[in-house]
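Observations on chain architecture
The primary structure of each chain is shown beneath.
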Amino acid sequence: MHLESLSVVDWRSYASTDVALGPGVRVLVGPNAQGKTNLLEAVHYLATGASHRVASDAPLVRAGASAAVLRAQARVGEDARRATVEIEVRPGGRSRAQLNGQPQRRVADAVGVVRAVLFAPEDLALVRGDPSDRRRFLDGLLAQRRPAYAAARGEYERVLRQRNQLLKDARRRAGRVDATLADWTDALARAGATLLAARIAVVHALAGPTAAAYRELLAGPTGPEAADRVGLAYESSTGRRIAAEPEAGVPDPAELVEELRTALVERGDEEIERGITLVGPHRDELALAIGELPARGYASHGECWSLALALRLASREVLREVGDEPIVVLDDVFAELDVTRRARLAERCRGFEQVLISAAVDEDVPLDGVRYRVRGGTVIPLAEEVA
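Residues numbered from 1 in each chain as written. Predicted model: local features only at pLDDT ≥ 70, side-chain atom pairs only at ≥ 80, totals over all residues. Heavy atoms only, no water.

Right, let's talk about the pairing of strand 15 (residues 370-375) for a bit. Two faces, one strand: in a regular strand the side chains alternate between the faces of the sheet. One ladder, built from four bridges, connects strand 3 (residues 24-29) with strand 15; its direction is parallel. In the sheet register, Val 27 faces strand 15, and the bridge partner there is Arg 371. Note: strand 15 against strand 16 (residues 378-381), four bridges, orientation antiparallel. Within strand 16, the residue paired with Arg 373 across the bridge is Ile 380. Between strand 15 and strand 16, which pair antiparallel one after the other, the connecting turn spans two residues, and Gly 376 there sits at a positive phi close to 55 degrees. (Pairing = 2+ DSSP bridges. Helix = DSSP H or I, 4+ residues; strand = E, 2+ residues; numbered from the N terminus.)

Here it is, written out as structure tokens:
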């Protein structure tokens, strides 16, 4: 798939702008703080319904405006049919969405038509950050891969909030437990097993493509395997560690329900004492290793960048297995790579249907393609095929 056009109104620094796009490489060039990332963020929001930079929608709307509007025309599916997606972001009220001119009941119903994988400097948190950063990565990928996953995660979070409230009440009452806690424990195990099965399966799917992309970035597609082996594992709060295996399938949710239920019962007294749920997907971890060492705390800056980028490139492979090839969005990435890795990333990009790139310096991007000059809220297309 690819975007034919992107329009934003009252989005971040933009009062209004329209950008004609198309397949191939598209590079937004301009000094920092001119609005390049804001446009890439709009693409990501259309794809996922969320920003990769902020947790709430309020900063996304231009100062003085009550709402922002994002609109994209895309070519989707094997028949390259045209689809129009529009999202109205209203931080003070209910956001709205349209698909091909038809209002949707929920914004989530329009999310997923545009598919995108974005890599930005913030992605260093995938390696160096807290477990919550890696859980967010898995959940975002799964929401695009299987749209029903977002609803399943919402249900889990609803059950978790209710169960946590019951545990807090029990702590205040010196351990006296509400009679419904057992029911909510069972509901949490069932809702959690759905997420757990999907996460474990996607970690298995990521293993091979991540290792290949990391090795290619450091050693080249045909060179020796100079890079240390990358390892992925899913560490469950039940105490089980599942090493990623490319050929492994989807685990049995019924077995995971029992695993979660047993762990919840075993830690029940501790949960009441602390007033919080200690077992479940909300406390799990995606463990990353380079060679024999954990990547977090041991990997160099260059290794962290390469591993984070490899995870995003692997995400593209995982998404294209089950639908349209996603747009690859690279926000100020080439400037952080040395000349050799720039060339290797560029070689990968040449095989993608559409790549959207931002750069402060045009010469940092060793790819032919259409350039756009971004300055002070204006986007001006420059001559095509300028290296």
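There's plenty left to go through after this.
If you walk through the whole model with that rule in mind, you get 36 salt bridges. Residues Asp 139 and Arg 153 are paired through a salt bridge, measuring 3.8 Å at the closest nitrogen-oxygen approach. Pair noted here: Asp 139 is in helix 3 (residues 131-145) and Arg 153 is in helix 4 (residues 148-172), with a separation of 14 residues, a long-range link. For Asp 364, the salt bridge identified is with Arg 342, shortest N-O distance 3.4 Å. Separated by 22 residues along the polypeptide, Asp 364 in the loop between strand 14 (354-359) and strand 15 and Arg 342 in helix 9 (residues 339-349) bring together distant segments of the chain. For the residue pair Asp 364 and Arg 342, the accessibility class agrees, reading buried in each case. (Salt bridge = Lys/Arg side-chain N within 4 Å of Asp/Glu carboxyl O. Buried < 20%, exposed > 50% of the residue type's maximum accessible area, 1.4 Å probe, protein only.)

Notably, Asp 10 is not glycine yet its phi reads approximately 55 degrees, a positive angle. Of note, the phi angle at Ala 33 is positive, near 65 degrees, even though the residue is not glycine. Along the polypeptide, Ala 33 turns up in the loop between strand 3 and helix 1 (36-48). The exposure class of Ala 33 is exposed, given its relative accessible area of 82%.

With that settled, the discussion passes to the packing of aromatic side chains. Applying the stated criterion to the full structure yields two aromatic pairs. Ring centres of Trp 11 and Tyr 45 lie 5.7 Å apart, and the angle between their planes is 70 degrees; this geometry places the pair in the edge-to-face category. Residue Trp 11 is located in strand 1 (residues 2-11), and its partner Tyr 45 is located in helix 1; the two are separated by 34 residues in the primary sequence. For Tyr 45, a relative accessible area of 3% translates into the label buried. (Phe/Tyr/Trp six-rings, centres within 6.5 Å; stacked < 30°, edge-to-face > 60°.)

Glancing now at the sheet that holds strand 3. Spatially, 8-13-14-3-15-16 is the arrangement adopted by the six strands of the open sheet, whose pairing is mixed. Either end of the sheet is taken by a strand with one partner, and the two such strands are strand 8 (116-119) and strand 16. Neighbouring strand axes in the sheet, compared pairwise and without regard to direction, differ in orientation by 20 degrees on average. (Axes fitted to C-alpha atoms, helices over the stretch in contact; angles between N-to-C directions.)

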